[in-house]
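Observations on chain architecture
Spelled out from the first residue to the last, the chains are:
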Amino acid sequence: MSGIIKSTIKTISSALLAGVLMLSVFASNVAADDIYPDNPDDGIITQNEQQTDLLNEKHDDWPTINAAAFILYDATSGAILVGKDYETQKEPASMTKVMTILLALERLDMNTTITVNSAMAKEIENLEKDYVRLGLQEGEEITVKDLIYAAVLKSANDCCIVLAMHMAGTEADFCKVMNEKAEELGCRNTHFTSCFGYAKPDNLTTAYDLSLILNECVTNTIYSQIAKTYTYKISATNKYSSTRELTNANRFISTADFKYDYYVGGKTGFTDSAGNTLCAAAKKDGRTLIGVLFNAGSSTSRYRDMIKLFDFGYTNFTTVPITEAEFTPIINDTRNQMERLMSETNLYISEQKAALSGFVTTTSSRAQLGSTNKIDLSKTVIDSQAEEQTLEIPLCKIYSDKTYVVGKLVVKIEQKAGVIEINPKKKTHLTDVRRILIMFAALSGMILVLIVVALVVRANMIKRKRNESTRRARML
């Protein structure tokens, strides 16, 4: 009898344990699905993809640009709006001077006087006869400011040589500095071997890389102020008795035909091998666009094409600022949701911060339809056993046909150390599941007790019947 009872209890216990395990898995899935709802990846543009995503969209009024390679770069967001072979290495000609002037503005005092030494004079003598120069002589004393203005407004090659050799000793050593700076700015395919744009086949950069260099100039130095100057006077020096007056050769400044109200700086260039080149920056409503043209159709068409690019960029695209304030409500909701989920565990949020991209560029037509913000929890999983974990949850801006990832919410979760909860427990999804498990266990226990009682009663009844049969037999 006792063997039957033990066997029955063992069977019921095994079934009860299996039921509890099944419900535990189910409970885990329910909690995860509720906190991290499905979110399909269709139309989601990551932060890395945003740089080139707009190139995939076609427009009826796409500008026709007559150049071997070109780019229109939104410096505010980092998006490329229009481009052709913008990663292909080309000869920049005098656009090279943008990097030389950038380094001079960063490293030198404008009021410092430089003396043209014999090594500098020798390099100047080696210039091709048709190369533009200010006319510096050995022993001439001239300020850094005068050299920079002459290099930008007149495109004076001898001034760049003097600046470069003053900073690094030799032009070759200065080119190493140029290349290091290019790498620092994020340039990917730049190799300078000239400080002024000599027609060397290995003095190369790309439209994309040059847009980064020019943006650094107009954003973080006084390059814009210099490049927009119409005329500049260089006072007499110890080797030049009269004043030298410079007129800006850039037609954005020197002519009415190509005047562009939003122009903030740039540089032209030309050699027989490079053709006509032009880089320019424009700023409108706080938004900076950079255009670069290699081997343009002509010296005048490069200006017309650049204006086309700027007008197209400002008309057809919008750059939207991304602020933490607009995400604060849903960030708070998400944190509360996660804390409710973890309230029945030993986990807690020890640190939280939002990292946003700052700006996103999209088409003007898309932006006009409006957008919403969202935190994408679809791939977020909390490990209840981990001592420490860091979650990176995407922050998204959703338009009618596209979702842009504009940042991430970084949440650090840790295990509590020796904490005893004394406050009433909060109700969560896990609380409901645990209540069901407790009820199931209690009910199963009651069933088990009833079965045991029933077996005992049955055994007693059988025993009683046997005893009664024995007594009757004896009486007979």
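Structure: above.
Not measured: the values here are computed from a predicted model.

The next subject is the overall build of the protein chain. Check the secondary structure of the protein chain and you find 13 helices and 16 strands. Burial statistics for the protein chain: of 476 residues in total, 46% are counted as buried. Partitioning the intrachain contacts of the protein chain with sequence separation of at least 6 by distance along the chain shows that 71% fall at a separation of at least 24. A total of about 24,600 Å² of accessible surface is found on the protein chain, and carbon and sulfur atoms cover 51% of it.

Bringing the nonpolar core into the picture now. Ile148, Leu163 and Tyr223 are the most contacted members of the largest nonpolar core, which totals 122 residues. Among all residues touching Tyr223, those that are not within four sequence positions of it are Val98, Ile101, Leu105, Val152, Leu214, Cys217, Val218, Gly266 and Lys267.

Throughout the structure, instances matching the rule amount to 16 salt bridges. Taking the shortest distance from any N to any O, the salt bridge between Asp53 and Lys402 comes out at 2.6 Å. Of this pair, Asp53 sits in the loop between β1 (44-45) and β2 (67-74) while Lys402 sits in the loop between β15 (388-398) and β16 (403-415), and the two are 349 residues apart along the sequence. The exposure class assigned to Asp53 is buried, which follows from its relative accessible area of 10%. For Lys181, the salt bridge identified is with Glu184, shortest N-O distance 3.2 Å. Taken together, the positions of Lys181 and Glu184, both in helix α6 (residues 171-184) and three residues apart, correspond to about one turn of that helix. The network of salt bridges with shared partners includes Asp53, Glu57, Arg366, Asp401 and Lys402.

Before going further, it helps to spend a moment on helix α2 (residues 97-107). Taking burial as the measure, the 11 residues of α2 include nine buried ones, the bulk of the element. The set of residues buried in α2 consists of Lys97, Val98, Met99, Thr100, Ile101, Leu102, Leu103, Ala104 and Leu105.

With that out of the way, let us pick up unusual backbone geometry. Of note in the backbone geometry, Ala93 takes a positive phi value of approximately 55° without being a glycine. Residue placement: Ala93 occurs in the loop between β3 (79-84) and α2. Here Asp285, not a glycine, exhibits a phi torsion of approximately 55°, which is positive. Among the residues examined, Asp285 registers a relative accessible area of 75% and is labelled exposed.

With that settled, consider the pairing of strand β8 (residues 263-271). Within β8, eight of the nine residues are buried, which leaves it mostly tucked inside the rest of the structure. Judged from the eight bridges that link them, β8 and strand β9 (residues 275-284) form a sheet pairing that is antiparallel. Pairing of Gly265 across the sheet is with Ala281, part of β9.

Another aspect to go through is the pairing of β9. Extensive coverage of β9 is indicated by the burial of eight of its 10 residues. As consecutive antiparallel partners, β8 and β9 are separated by three residues. Relative to strand β10 (residues 287-296), β9 is paired through eight bridges, and the arrangement is antiparallel. Residue pairing for β10: Ala282 is matched across the bridge by Leu289. Linking two consecutive strands that pair antiparallel, namely β9 and β10, is a turn of two residues; a positive phi of about 55° is found at Asp285 within it.

When the terminal C-alpha atoms of helix α7 (residues 207-220) are compared, their 20 Å separation across 14 residues agrees well with the 20 Å that a helix rising 1.5 Å per residue should span. With 12 of its 14 residues buried, α7 lies for the most part within the structure.

In this structure the tally under the stated criterion is 14 aromatic pairs. Pairing Phe312 with Phe317 gives two aromatic rings, centres 5.7 Å apart and planes at 75°, and the pair type is edge-to-face. The pair Phe312 / Phe317 is uniform in exposure class, with both members buried. Ring geometry for Tyr399 against Tyr404: centres 5.8 Å apart, planes inclined by 85°, an arrangement best described as edge-to-face. Like Tyr399, the residue Tyr404 is buried in the burial classification. Aromatic ring contacts, followed pair by pair, group Phe252, Phe258, Tyr263 and Tyr303 into a single cluster. For Lys58, the ring lying beneath its charged end belongs to Trp62, and the centroid distance is 5.7 Å.

By secondary structure assignment, the location of Arg287 is in strand β10. A distance of 3.3 Å separates a polar atom in the side chain of Arg287 from the backbone oxygen of Gly313. For Arg287, the contacting residues outside a window of four places in its chain are Asp74, Thr76, Leu81, Ala282, Gly313, Tyr314, Phe317, Thr318, Thr319 and Thr361.

A separate point is the sheet that holds β3. Ordered by their spatial adjacency, five strands build an open sheet running β3-β2-β10-β9-β8, and the pairing between neighbours is antiparallel. The strands lining the two open edges of the sheet, one partner per strand, are β3 and β8. Averaged over all adjacent pairs, the angle separating strand axes in this sheet is 5°, with direction ignored. Helix-sheet contacts for helix α10 (residues 301-316) involve β2, β3, β8, β9 and β10, and the interaxial angle to β10 is about 145°.

For the rest of this paragraph, the subject is the packing of helix α4 (residues 144-154) against helix α5 (residues 157-168). Following both chains from N to C, one finds α4 and α5 inclined at 135°, their axes separated by 8 Å at the closest point. Here α5 runs oblique to α4, going by the angle between their axes. Note on packing geometry: the crossing formed by α4 with α5 is left-handed. Packed against α4, whose contacting residues are Val144, Leu147, Ile148, Ala150 and Ala151, the element α5 presents Cys159, Cys160, Val162 and Leu163 at the interface. In the contact of α4 with α5, the residues fall into nine nonpolar, no polar and no charged.

Look at Lys402 and you get buried, because its relative accessible area is 12%. Within the structure, the side chain of Lys402 is placed 2.5 Å from the side chain of Glu57, a separation counted as a polar contact.

Reading guide: rules and limits
Residues numbered from 1 in each chain as written. Predicted model: local features only at pLDDT ≥ 70, side-chain atom pairs only at ≥ 80, totals over all residues. Heavy atoms only, no water. Helix = DSSP H or I, 4+ residues; strand = E, 2+ residues; numbered from the N terminus. Buried < 20%, exposed > 50% of the residue type's maximum accessible area, 1.4 Å probe, protein only. Contact = heavy atoms within 4.5 Å. Areas by Shrake-Rupley, 256 points an atom, 1.4 Å probe, with all protein chains shown as cover. Core = buried A, V, L, I, M, F, W, Y, C linked by side-chain atoms within 4.5 Å. Salt bridge = Lys/Arg side-chain N within 4 Å of Asp/Glu carboxyl O. Pairing = 2+ DSSP bridges. Expected span 1.5 Å × (residues − 1). Phe/Tyr/Trp six-rings, centres within 6.5 Å; stacked < 30°, edge-to-face > 60°. Lys NZ or Arg CZ within 6 Å of the ring centre and 35° of its normal. Polar contact = N/O pair within 3.5 Å; in protein donor to acceptor, adjacent residues only side chain to side chain. Axes fitted to C-alpha atoms, helices over the stretch in contact; angles between N-to-C directions. Parallel < 35°, antiparallel > 145°, perpendicular 65-115°, else oblique. Left-handed = near helix turned anticlockwise from the far one by under 90°. Nonpolar A, V, L, I, M, F, W, Y, C, P; charged D, E, K, R; others polar.

Note that all results are geometric; they support no functional claim without further evidence.
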